[in-house]
2 protein chains.
Amino acid sequence: MAGVKDVARRAGVSVATVSRVLNDSARVTAETRARVLAAVAELGYRPNAVARSLRTDTTRTIGLVIGDILNPFFTELARAVEDEARGAGYSVVIGNADERADRQDHYVRTLLEQRVDGLLLCPTAEVTPLVRDVVRDGGPLAFLDRTLPGLDVPTVRADGTAAIGALVAHLAALGHRRIAFVSGPALLSTGRERTAAFTAALRACGLPARPEYVQAGDFQAASGRAGAARLLDLPEPPEAIFAGDNLMALGALDEIRARGLAIPGDVALASYDDVPWFTHLDPPITAIGQPVQELGRRAVRALLDRIDGRPVEPVVLDARLVVRRSCGEPAEQGSDETEGRLPR
Amino acid sequence: MAGVKDVARRAGVSVATVSRVLNDSARVTAETRARVLAAVAELGYRPNAVARSLRTDTTRTIGLVIGDILNPFFTELARAVEDEARGAGYSVVIGNADERADRQDHYVRTLLEQRVDGLLLCPTAEVTPLVRDVVRDGGPLAFLDRTLPGLDVPTVRADGTAAIGALVAHLAALGHRRIAFVSGPALLSTGRERTAAFTAALRACGLPARPEYVQAGDFQAASGRAGAARLLDLPEPPEAIFAGDNLMALGALDEIRARGLAIPGDVALASYDDVPWFTHLDPPITAIGQPVQELGRRAVRALLDRIDGRPVEPVVLDARLVVRRSCGEPAEQGSDETEGRLPR
DNA sequence: TTGTACGCGTTATCAG
DNA sequence: CTGATAACGCGTACAA
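Nothing here was measured: the structure is a model prediction, and the numbers come from that model.

As for the protein's contact with DNA strand C
Point 1. Around DNA strand C, the surrounding shell holds 24 residues, and the nearest of these are V4, Y45 and R55 of chain A together with R20 and R55 of chain B.
Point 2. Of everything in DNA strand C that lies within 4 Å of the protein, sugar and phosphate atoms constitute 64%.
Point 3. The backbone of V4 of chain A places a nitrogen or oxygen atom 2.6 Å from a phosphate oxygen of DNA strand C.
Point 4. Between T32 of chain B and DNA strand C, the recorded distance is 3.2 Å, taken from a side-chain N or O atom to a phosphate oxygen.
Point 5. Within the residue set of the surface near DNA strand C, elements represented by two or more residues are α2 (15-22) and α4 (49-56) of chain A together with α2 (15-22) and α4 (49-56) of chain B.

If you want it as structure tokens, here you go:
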């Protein structure tokens, strides 16, 4: 494969000059520039980014480790991150942790060895030794969507506390008193936050917080189904089930359908995370939507700020309740802004 | 950041020895190996993959350029590719072409400059000059899902011809005679193949092929909605709409719902590509499912074969019809194997 | 078994 | 404005 040397020879100049026109770093005669460019085209020269990176100690690349590539929330997030990064001249390398700490670490390690300029991490566990080390060594890290307690790392996330409060109030207003939650893992900040917000919201509405009405899941569909099954098997099953993410809502839906139960007649259903198809179910699913695009954009900006040594402060955006009909007919229903919404 | 040199000094050995234990290439005393490993741990040494790649001319990395990261078909594909690659000791770098030829080329170029060992491409257009060059130069390329005419490149894909034939026969058996198709782009092999199979299937069933019943889309939801709108606005609207992929099916669904039409009473709906939530709609959507996991695995194996200089032949798997209820009640319905299926 | 020294393709420094 | 050359971090002949 042709290198700068070949190009130089063919253009009748030195390698230094070739490098200069390729990076338009210094002033070069229009004529020699043309000769070089011609040689580049003729030889089909492709710059070797590996060598370039070794020399410049920069890869123009950022890593993104997401929780689960099959989860639409994360793919939408990845999309937003990628768009913003591309705009800034960076490539994004995505690692799919599959909600496993070991796989997360695998990618963190690999990406660091690849010498990415920065790393966006949606942590899958409390904290692994590797992540602790990276933080200690001041690696170019930022957290996205999820936080890690006690670590001083720039974080971009959405807070669902208010929206969950609104959801529980909505359920209570519709007459539901036995409200259950299929939670995410307690190891994740998002899992904990949503559970805490849920119990606080119950209290605020004067509803009892029954421990058996909080079932632990792992953000995967199967656990949503299992959690719903346990809830529906209770001597006194809940009147409403709130799933901690869209995958678990899908699982809960599976279980509810399998039992031939009606929504919201027999049991109401709501979900954290909003996805396009929620709108098409009968009834459409009430959900809490996160500002995913904005999350992605802000995360990239925060990371680039950190890379460039600019000061960066945490970003917390708000999630919001989208009322549809899966929890019962509201007395007075606002227009559903996402009705008929199309992805992209 | 610590390098081999630092490790060597700390362990009291030469850099060569360090390199040897890191790659367990040659015989090293157990004792020195231990000393080196200790030094590595103490210094928190992280091998520089960039330098290593420059030296070895191999990155243990493959590129994957997909059509659209928001399309569940592609994310599932990416997942399968990643799993298989990881098993073989390779990392996967994903590029999202967003169904645009320019963006596809951007990633092909970038990945090539990054010196990936191989490149899996789901081509977004007939053929771009860049792709032509890469093929001509014998770049380590394989096509996935989509094929490019007249190019001698290993290809792994699914064929839907038989399944589409079965679908049209199914529709005809249910009494539908005016059957329409929202096609993918004619520039894509998958778009062309499905359209050809559709018209052939009509003919096989003795149904007329009306040109106005084939509306061109681009595999994105918005075009599915627009295509459905044009069809439903026809003086003689179709009794059944078959969408060329799951995103366009979502769009068509949007349009049908917006018009207050009943499925399948007013219009039947079917989709190419099967997704988990199809099962939960009322009625559940009849679809054609591809063996996505297998596609991903075979693609990686084919690419690695090519990289290692082993002979590789094209792989064509079969898609299959999954009958649900969105086209009407079949006289005799087989069990739906994917009912209640959970992702992962 | 271990050490020395060269080179991978590029950019950046320093002369000219 | 252009050219010669050192250096980036690592792997590997070759020598010891």
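Remarks on the relation of the copies chain B and chain A
Point 1. Taken as rigid bodies, chain B and chain A are interconverted by a rotation of 180° and an axial shift of 0.0 Å, the fit giving an RMSD of 0.1 Å. On the angle and the small slide along the axis, the relation comes out as a two-fold axis.
Point 2. Both copies share a contact surface, since 98% of the interface residues of chain B are interface residues in chain A too.

What about unusual backbone geometry?
Point 1. With omega at 0°, the peptide bond leading from D282 of chain A into P283 of chain A counts as cis.
Point 2. The step from I263 of chain B to P264 of chain B runs through a cis peptide bond, and the omega angle for that step is 0°.
Point 3. Positive phi is not limited to glycine here, since D57 of chain A has a value of about 60°.
Point 4. In this fold, D57 of chain A is placed in the loop between α4 and β1 (61-66).
Point 5. The exposure class of D57 of chain A is exposed, given its relative accessible area of 65%.
Point 6. Positive phi, close to 55°, is recorded for D98 of chain A, a residue that is not glycine.
Point 7. In this fold, D98 of chain A is placed in the loop between β2 (91-96) and α6 (101-113).

So, helix α9 (residues 189-204) of chain B
All names here are of chain B.
Point 1. In this model α9 runs 22 Å from its N-terminal to its C-terminal C-alpha over 16 residues, within 8% of the 22 Å that 1.5 Å per residue would give.
Point 2. Burial in α9 covers these residues: S189, T190, G191, E193, R194, A197, F198, A201 and L202.
Point 3. Against β5 (155-159), α8 (161-173), β6 (179-183), β7 (214-216), β8 (240-243) and β9 (268-272) lie the buried residues of α9.
Point 4. Two residues or fewer after α9 comes G206, characterised by a positive phi angle close to 70°.

Some thoughts on the interface of chain B and chain A
Point 1. Contacts between the two partners involve 57 residues from chain B, matched on the other side by 56 residues from chain A.
Point 2. When the buried area of chain B at its contact with chain A is split by residue, R46, R115 and H280 of chain B rank highest and sum to 15% of it.
Point 3. The interface formed by chain B and chain A holds two salt bridges in total.
Point 4. The closest approach of N and O atoms between D98 of chain A and R79 of chain B, which form a salt bridge, is 2.8 Å.
Point 5. In this assembly, chain B and chain A are joined by 16 residue pairs in polar contact (both at pLDDT 80 or more).
Point 6. Among the elements that make up the side of chain B that touches chain A, the one with the highest residue count is helix α5 (residues 72-87) of chain B (seven residues).

Overview of the pattern of salt bridges
Point 1. Applying the stated rule across the entire model yields 53 salt bridges over all chains.
Point 2. A salt bridge links R310 of chain A to D308 of chain A, with the shortest nitrogen-to-oxygen separation between them at 3.2 Å.
Point 3. The exposure class assigned to R310 of chain A is partly exposed, which follows from its relative accessible area of 41%.
Point 4. The partly exposed category is assigned to D308 of chain A, whose relative accessible area is 48%.
Point 5. Across the salt bridge formed by R100 of chain B and D102 of chain B, the nearest N and O atoms sit 2.7 Å from each other.
Point 6. Taken together, the shared-partner salt bridges in this structure form one network comprising R79, D83 and R86 of chain A together with D98 and R103 of chain B.

A few points about the packing of aromatic side chains
Point 1. Taken as a whole and judged by the stated rule, the model has eleven aromatic pairs over all chains.
Point 2. Both rings, one in W277 of chain A and one in W277 of chain B, keep their centres 5.7 Å apart while their planes meet at 0°; by these two values the pair is stacked. In this pair, W277 of chain A is assigned in the loop between β9 (268-272) and β10 (286-289) and W277 of chain B in the loop between β9 and β10 (286-289), connecting two distinct chains. W277 of chain B matches W277 of chain A in its accessibility class, with the two residues each being buried.
Point 3. Ring-pair connections join several aromatic residues into one group, and the members of that group are W277 and F278 of chain A together with W277 and F278 of chain B.
Point 4. In this structure, R60 of chain A is placed above the aromatic ring of Y90 of chain A, and the distance from its NZ or CZ to the ring centre is 4.3 Å.
Point 5. Lying over the aromatic face of Y272 of chain B, R194 of chain B brings its terminal NZ or CZ to 3.7 Å of the ring centre.

Side note on the UniProt feature "domain: HTH lacI-type" (unreviewed entry) in chain A
Point 1. Listed under "domain: HTH lacI-type" (unreviewed entry) in the UniProt record, and renumbered for this structure, are residues 2-56 of chain A.
Point 2. The span residues 2-56 of chain A is 69% helix and 0% strand, and its two end C-alpha atoms sit 21 Å from each other.

How each quantity is defined
Residues numbered from 1 in each chain as written. Chains lettered and ligands numbered in written order. Predicted model: local features only at pLDDT ≥ 70, side-chain atom pairs only at ≥ 80, totals over all residues. Heavy atoms only, no water. Near = heavy atom within 4 Å. Polar contact = N/O pair within 3.5 Å; in protein donor to acceptor, adjacent residues only side chain to side chain. Helix = DSSP H or I, 4+ residues; strand = E, 2+ residues; numbered from the N terminus. Least-squares fit on C-alpha atoms with pLDDT ≥ 70 in both. Contact = heavy atoms within 4.5 Å. Buried < 20%, exposed > 50% of the residue type's maximum accessible area, 1.4 Å probe, protein only. Expected span 1.5 Å × (residues − 1). Buried area = accessible area lost by both parts, 1.4 Å probe. Salt bridge = Lys/Arg side-chain N within 4 Å of Asp/Glu carboxyl O. Phe/Tyr/Trp six-rings, centres within 6.5 Å; stacked < 30°, edge-to-face > 60°. Lys NZ or Arg CZ within 6 Å of the ring centre and 35° of its normal. UniProt positions renumbered as here; feature names shortened; annotations may be inferred.

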